[in-house]
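# Summary of the model geometry
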Amino acid sequence: MENKESSFLLLTMIFPADPPGDEMTNILSRLPIEDLMKFRSVCKSWSNLIRDPCFINMHMNQRSLYKESYLIGKDSLDVTENECCTLYSDETFAEHKKLEFPLCEPTKSFEVFGCCNGVLFLLYPTTPRSSSKLYFWNPATKMIKNLCRSPVQLPDVSNHLVFGFGYVPQLDEYKVVRILYHEERNLTDPPTLPPVVEIYSLKTNSWTKIEIELSYFITSHMAKTFLDGSAY
Amino acid sequence: MVKLKSNDDKEFEVEEAAVIQSEMIKNMIEDGCATSVIPLPNIDSKTLIKVIEYLNKHINMGKAAETGEEDDLKEFDEQFVNMGWEELFDVIMAANYLNIHELMELCCQSAADRLKNKSVRAVREMLKITNDLTEEEEQEIINDAPWAFEGPEIDDTVN
């Protein structure tokens, strides 16, 4: 009897609720993110489906939803106001939507290092540097995630820090690469000390140091582009 | 001509050029499995009539662009999806089973458009879904994104 009960429990854990059929999945994948956030509370099977990575991918590839792409601009003219961003149509540059940064505090600013699949990778607040933290921000779901700190401390002496951010589809994983040079950037000469290169993984929320020879400076710490699985 | 049989034993004759828009039937014909009547145990006659109406209208999709009948086709599609929720869902199930890509696209988009901006309560009622979440689970989802549950655009009507 006990055995029967436990195997039944196991089954209900594996199949917590019948997934909606192909048809319902197809229909839901066409809805805007606002509706999906809300419809997670319709029933268990919808809730599970909408969180499912396969469904999220299907939704991101839904052409009927994403006919347009947008440019994101940071409005920082008035630092006393809540810092926010504006989405602009990439064809007409017309204002599409205002976005409010969830952590905003007066006089504090953030700096965006990269963007991919609608997720921004940023540093906040930019000053003082000692209290700066790294975040992933998805303006569509209004969710924000604080990345754990790298175990490699920033030296007090002059240094140069570079980030790259991207999505690895094979692993369904968001990653950050951090390169720490122990000297100021130099446009002509290679670094005299080997830089420390680390990779952050969102799934494990951890940093891993990687051994790689980097005999040149990546000078710009901004203006990063992510395309076809590589950060440039 | 190809003969299709619905699950309530009604037979329909459809031109081959129309019926091969269904990938499933096209494969059956190519494999030589469609010699007499093709039984469709998942589709009732009412739904099958709708599907055949669509297939006949879309028979010359490629030609429509040349002859300027695109607008006509667009108008037909708009009229076509103007049906009750249950009827629409039956056509979607049939389109998925028969693998008719364009029909699936048309009907799923129409269904999605009807769900857009609806309240959770309205969706449950429209689709006859029983809420099996506990109160705590539901509250957790709401707390996760309270902004999604408020706003003047949310439509609580059922239709």
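Every value quoted in this text rests on a predicted model; they were computed, and no experiment measured them.

Let us look at the pattern of salt bridges. Residue and element names in this part refer to chain A. Under the defined criterion, the tally for this structure stands at 13 salt bridges over all chains. As a salt-bridge pair, arginine 178 and glutamate 198 come within 3.0 Å of each other at their nearest N and O atoms. Taken together, the residues arginine 178 in strand E9 (residues 173–181) and glutamate 198 in strand E10 (residues 196–201) connect sequence positions 20 residues apart. Here arginine 178 and glutamate 198 have matching classes, each one buried.

This part takes up the sheet that holds strand E7 (residues 143–146) of chain A. All names here are of chain A. With respect to topology, four strands assemble into an open sheet ordered E4-E5-E6-E7, the strand pairing being antiparallel. A strand with exactly one partner marks an edge of an open sheet, and here the two such strands are strand E4 (111–116) and E7. The average undirected angle you get between the axes of adjacent strands in this sheet is 25°. As paired strands, E4 and strand E5 (residues 119–124) are joined by five bridges and run antiparallel to one another. Paired with glutamate 111 across the two strands is leucine 123, which belongs to E5.

This part covers the UniProt feature "domain: SKP1 component dimerisation" (unreviewed entry) in chain B. UniProt records the feature "domain: SKP1 component dimerisation" (unreviewed entry) for residues 102–148 of chain B in the present numbering. Between the C-alpha atoms that bound residues 102–148 of chain B there is a distance of 32 Å. The span itself is 68% helix and 0% strand.

A few words on the interface of chain B and chain A. In this assembly, 33 residues from chain B lie in contact with 27 residues from chain A. For the pair chain B and chain A, the summed buried area comes to about 2,600 Å², and 66% of that belongs to carbon and sulfur atoms. Looking at the side of chain B facing chain A, the largest losses of area belong to B:Asp132, B:Ile141 and B:Trp147, adding up to 21% of the total buried there. Between the two partners, chain B and chain A, sit two salt bridges. The salt bridge involving A:Arg40 is made with B:Asp144; its shortest N-O contact spans 3.0 Å. Run the count over chain B and chain A and you get ten residue pairs in polar contact (both at pLDDT 80 or more).

Residues and elements named next belong to chain A. Here chain A is partitioned into domain 1 (2–60), domain 2 (70–107) and domain 3 (110–231). Each side of the interface is counted separately: domain 2 has eleven residues, and domain 3 has eight residues. When the two sides are added together, the surface that domain 2 and domain 3 hide from each other amounts to roughly 920 Å², 79% of it contributed by carbon and sulfur. Linking domain 2 to domain 3 there are zero salt bridges. Taken together, the links from domain 2 to domain 3 amount to one residue pair in polar contact (both at pLDDT 80 or more). Elements represented by at least two residues in the side of domain 2 that touches domain 3 include exactly strand E1 (70–75) and strand E3 (95–100). Residues belonging to the side of domain 2 that touches domain 3 are distributed by class as follows: seven nonpolar, no polar and four charged.

So, how was this worked out
Residues numbered from 1 in each chain as written. Chains lettered and ligands numbered in written order. Predicted model: local features only at pLDDT ≥ 70, side-chain atom pairs only at ≥ 80, totals over all residues. Heavy atoms only, no water. Salt bridge = Lys/Arg side-chain N within 4 Å of Asp/Glu carboxyl O. Helix = DSSP H or I, 4+ residues; strand = E, 2+ residues; numbered from the N terminus. Buried < 20%, exposed > 50% of the residue type's maximum accessible area, 1.4 Å probe, protein only. Pairing = 2+ DSSP bridges. Axes fitted to C-alpha atoms, helices over the stretch in contact; angles between N-to-C directions. UniProt positions renumbered as here; feature names shortened; annotations may be inferred. Contact = heavy atoms within 4.5 Å. Buried area = accessible area lost by both parts, 1.4 Å probe. Polar contact = N/O pair within 3.5 Å; in protein donor to acceptor, adjacent residues only side chain to side chain. Domains from an automatic or database assignment. Nonpolar A, V, L, I, M, F, W, Y, C, P; charged D, E, K, R; others polar.

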